[in-house]
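The residues making up each chain are set out below.
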Amino acid sequence: EKQRRFITDAGHELKTPLAVLRTHAEALREDIDPARRQEYLGIVVEESDRMAALVGSLMDLSRLENGGVLQREPLDLTVLVENCAARLTLPAEQKGLRLVTRLDPAAVLGDQLRLEEAVDNLLDNALRHCTPYGTVTITLTRKGRGIQLTVDNDGEPIPPEQLDRLFEPFYRGDQGRSRSDGGTGLGLAIVRAVTEAHGGRCWAVNRTGGVAFTVQLPGLQ
């Protein structure tokens, strides 16, 4: 049932950009105004990029869920998170958002590219759903022998029954959530797959005026 739902959802996500591509490709076959032609070509490129991102995410998720080999090495997780946050400083400023980091020293034995992908997806999710002119807070702390990374954003609370499902592929409590904000619907699913591949777990909780997503990983002792 899970696999059948996944295939159905993936097909549904690809159906919309394919329809847009066909419509504009057919229009480009006509003798249309040059300015309109450039506009249509731009849409074709955008939708092609959107499908490429979706297919790439599908392949990443498939490899992770099917036991893809991780390139484990000792990593300074603090530096990794700092670098991911730095890449989003300008996009956050452009949206009028405040980006706050509170990072304790932390190290893990993990796959750098996969962990960067997970952190990038967490931060991207927070920026896309943060209240206008709100704050995104990134916290990294040690918890016993483990490490917790929490990405908290101001925003509307999520119904409690939906919190555990946010990490499912293509799940949207709000049916327009992923398509309207440019997401593939797979970002949080990849976060969970990367986290579990590293022997950790992840979850989301509401707090007053916002939502917090947490990843817990085994620390490097």
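Above this text is the structure in question.
Brief notes about the overall build of the chain
And step 1. The number of helices and strands found in the chain is 8 helices and 7 strands.
And step 2. The contacts of the chain with a sequence gap of at least 6 include a subset with a gap of at least 24, amounting to 73%.

Describing helix H3 (residues 77-87)
And step 1. Taken residue by residue, H3 has Leu77, Thr78, Leu80, Val81, Cys84 and Ala85 as its buried positions. The arc enclosing the buried residues of H3, seen along the axis, measures out at 165 degrees, which places them on a common side.
And step 2. For H3, the N-terminal cap is Asp76; the gap from its side-chain oxygen to the backbone nitrogen of Thr78 is 3.1 Å.

Considering the pattern of salt bridges
And step 1. This structure, assessed with the given rule, holds 8 salt bridges.
And step 2. As a salt-bridge pair, Arg22 and Glu26 come within 3.1 Å of each other at their nearest N and O atoms. Of this pair, Arg22 and Glu26 are both found in helix H1 (residues 2-28), 4 residues apart, which corresponds to roughly one turn of the helix.
And step 3. Taking the relative accessible area as the measure of exposure, Arg22 reaches 58% and is therefore exposed.
And step 4. The closest approach of N and O atoms between Arg165 and Glu168, which form a salt bridge, is 3.1 Å.

Overview of the packing of aromatic side chains
And step 1. A full pass over the atoms with the stated rule returns 1 aromatic pair.
And step 2. Judged by centre distance (6.1 Å) and plane angle (75 degrees), the ring pair of Phe167 and Phe213 falls under edge-to-face. Placement of Phe167 in the loop between helix H6 (160-163) and helix H7 (177-181) and of Phe213 in strand E7 (residues 210-218) is noted, with a sequence separation of 46 residues between them.
And step 3. Residue class for Phe213 comes out buried when judged on its relative accessible area of 4%.

Here's the deal with the sheet that holds strand E2 (residues 98-103)
And step 1. Strand order in this open sheet of 5 strands is E2-E4-E5-E7-E6, and the pairing throughout is mixed. Each edge of the open sheet is held by one strand with a lone partner, namely E2 and strand E6 (201-207). When the angles between neighbouring strand axes are averaged without regard to direction, this sheet yields 15 degrees.
And step 2. Bridge count between E6 and E7: 7 bridges; the pairing is antiparallel. Among the inter-strand pairings, Ala204 is bridged to a residue of E7, identified as Phe213.
And step 3. Packing against the sheet, H3 makes contact with E2, strand E4 (135-143), strand E5 (146-154) and E7, and its axis sits at approximately 175 degrees to E2.

Re the packing of helix H5 (residues 112-129) against helix H8 (residues 187-197)
And step 1. Viewed as axis vectors pointing N to C, H5 and H8 meet at an angle of 145 degrees, and their least axial separation amounts to 9 Å. Of the two possible hands of crossing, H5 and H8 adopt the one that is left-handed. Every residue of H8 that contacts H5 at Arg114, Leu115, Glu117, Ala118, Asn121, Leu122 and Asn125 is listed here: Gly187, Leu188, Ile190, Val191 and Val194.
And step 2. Residue classes in the contact of H5 with H8 are distributed as 7 nonpolar, 3 polar and 2 charged.

Quick look at the side chain of Asn153
And step 1. In this structure, Asn153 sits in strand E5.
And step 2. Apart from residues lying up to four places away in sequence, Asn153 is in contact with Ala126, His129, Cys130, Thr135, Val136, Arg207, Gly209, Gly210, Val211 and Phe213.

Some words on the side chain of Thr137
And step 1. Residue placement: Thr137 occurs in strand E4.
And step 2. With sequence-adjacent residues up to four places away left out, Thr137 is seen in contact with Val100, Arg102, Thr150, Val151 and Asp152.

A few points about the nonpolar core
And step 1. Ranked by size, the top nonpolar core spans 49 residues in total, and within it Leu77, Leu122, Leu166, Phe167 and Phe213 carry the most contacts.
And step 2. When residues of this core are traced back to their parent elements, those giving at least two are helix H2 (34-65), H3, H5, E4, E5, H8, E6 and E7.
And step 3. Of all the elements, H5 adds the most residues to this core, at 7 residues.

About the thresholds
- Residues numbered from 1 in each chain as written.
- Predicted model: local features only at pLDDT ≥ 70, side-chain atom pairs only at ≥ 80, totals over all residues.
- Heavy atoms only, no water.
- Helix = DSSP H or I, 4+ residues; strand = E, 2+ residues; numbered from the N terminus.
- Contact = heavy atoms within 4.5 Å.
- Buried < 20%, exposed > 50% of the residue type's maximum accessible area, 1.4 Å probe, protein only.
- Arc of directions from axis to C-beta.
- Polar contact = N/O pair within 3.5 Å; in protein donor to acceptor, adjacent residues only side chain to side chain.
- Salt bridge = Lys/Arg side-chain N within 4 Å of Asp/Glu carboxyl O.
- Phe/Tyr/Trp six-rings, centres within 6.5 Å; stacked < 30°, edge-to-face > 60°.
- Pairing = 2+ DSSP bridges.
- Axes fitted to C-alpha atoms, helices over the stretch in contact; angles between N-to-C directions.
- Left-handed = near helix turned anticlockwise from the far one by under 90°.
- Nonpolar A, V, L, I, M, F, W, Y, C, P; charged D, E, K, R; others polar.
- Core = buried A, V, L, I, M, F, W, Y, C linked by side-chain atoms within 4.5 Å.

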